[in-house]
Amino acid sequence: MRDHATIEQLLVLANLEGMNAEFIHMAVPQCERLTRLNQIAIRQMQTLTVHPYRVRLPGGKEEQP
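Definitions and cut-offs
Residues numbered from 1 in each chain as written. Predicted model: local features only at pLDDT ≥ 70, side-chain atom pairs only at ≥ 80, totals over all residues. Heavy atoms only, no water. Helix = DSSP H or I, 4+ residues; strand = E, 2+ residues; numbered from the N terminus. Buried < 20%, exposed > 50% of the residue type's maximum accessible area, 1.4 Å probe, protein only. Areas by Shrake-Rupley, 256 points an atom, 1.4 Å probe, with all protein chains shown as cover. Core = buried A, V, L, I, M, F, W, Y, C linked by side-chain atoms within 4.5 Å. pLDDT = per-residue confidence, 0-100. Contact = heavy atoms within 4.5 Å. Salt bridge = Lys/Arg side-chain N within 4 Å of Asp/Glu carboxyl O. Axes fitted to C-alpha atoms, helices over the stretch in contact; angles between N-to-C directions. Parallel < 35°, antiparallel > 145°, perpendicular 65-115°, else oblique. Left-handed = near helix turned anticlockwise from the far one by under 90°. Nonpolar A, V, L, I, M, F, W, Y, C, P; charged D, E, K, R; others polar.

### Quick look at the overall build of the protein
Stage number 1. Within the protein one finds two helices and two strands.
Stage number 2. Its helices and strands in sequence order give the protein the pattern α-α-β-β, from N to C terminus.
Stage number 3. Taken across its 65 residues, the protein has 15% of its residues classed as buried.
Stage number 4. Total accessible area computed for the protein in this model is approximately 5,400 Å², and 58% of it derives from carbon and sulfur atoms.

Structure below.
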């Protein structure tokens, strides 16, 4: 799955993995972790994909979301 994910999706996934580990350390129940992580993922994806931007890739090509 990760082979087909966008940069934004991979970034959010990495953030969620770290947050989940912290929630486990804090003994947050699984159902609450799932709810919180889902809300965080939605908010992060919206933040990362809402603003139009261009990313310059190596070789001079430009990518648009």
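### Observations concerning the nonpolar core
Stage number 1. Core analysis: the biggest nonpolar cluster contains seven residues, these being Val12, Leu16, Phe23, Val28, Leu37, Ile40 and Ala41.
Stage number 2. Counting only elements with at least two residues in this core, the list comes to helix H1 (7-25) and helix H2 (30-50).

### Some words on the confidence of the model for the protein
Regions with low pLDDT carry predicted coordinates that are not meant to be interpreted in detail.
Stage number 1. The share of residues in the protein with pLDDT of 70 or more is 77%, and the mean pLDDT across the chain is 85.
Stage number 2. Within the protein, no element has a lower average pLDDT than strand E2 (residues 62-63), which sits at 51, and none a higher one than H1, at 96.

### A look at the environment of Leu37
Stage number 1. Here Leu37 is to be found in helix H2.
Stage number 2. On the accessibility criterion, Leu37 (13% relative accessible area) is buried.
Stage number 3. Put simply, Leu37 and Phe23 are 14 residues apart on the chain and 9.5 Å apart in space, counted from C-alpha to C-alpha.
Stage number 4. Among all residues touching Leu37, those that are not within four sequence positions of it are Leu16, Met19, Asn20 and Phe23.

### Looking at the pattern of salt bridges
Here the idea is simple: oppositely charged side chains can pair when their charged atoms come close.
Stage number 1. Going through the model one piece at a time under the given rule, you end up with one salt bridge.
Stage number 2. Between Arg36 and Glu32 there is a salt bridge whose closest N-O contact spans 3.3 Å. In this pair, Arg36 and Glu32 are both assigned in helix H2, four residues apart and thus about one turn of the helix distant.
Stage number 3. Look at Arg36 and you get partly exposed, because its relative accessible area is 31%.
Stage number 4. Residue Glu32 is classed as partly exposed on the basis of its relative accessible area of 37%.

### Observations regarding the packing of H1 against H2
Stage number 1. Orientation of H1 relative to H2, taken along the N-to-C sense of each, is 150 degrees, at an axis distance of 10 Å. What the angle tells us is that H1 and H2 run roughly antiparallel. Read as a crossing pair, H1 and H2 show a hand that is right-handed. The residues of H2 that touch H1, namely those facing Glu8, Gln9, Leu11, Val12, Asn15, Leu16, Met19, Asn20, Phe23 and Ile24, are Arg33, Arg36, Leu37, Ile40, Ala41, Gln44, Met45, Leu48 and Thr49.
Stage number 2. Among the residues making up the contact of H1 with H2, the classes are represented as 11 nonpolar, five polar and three charged.

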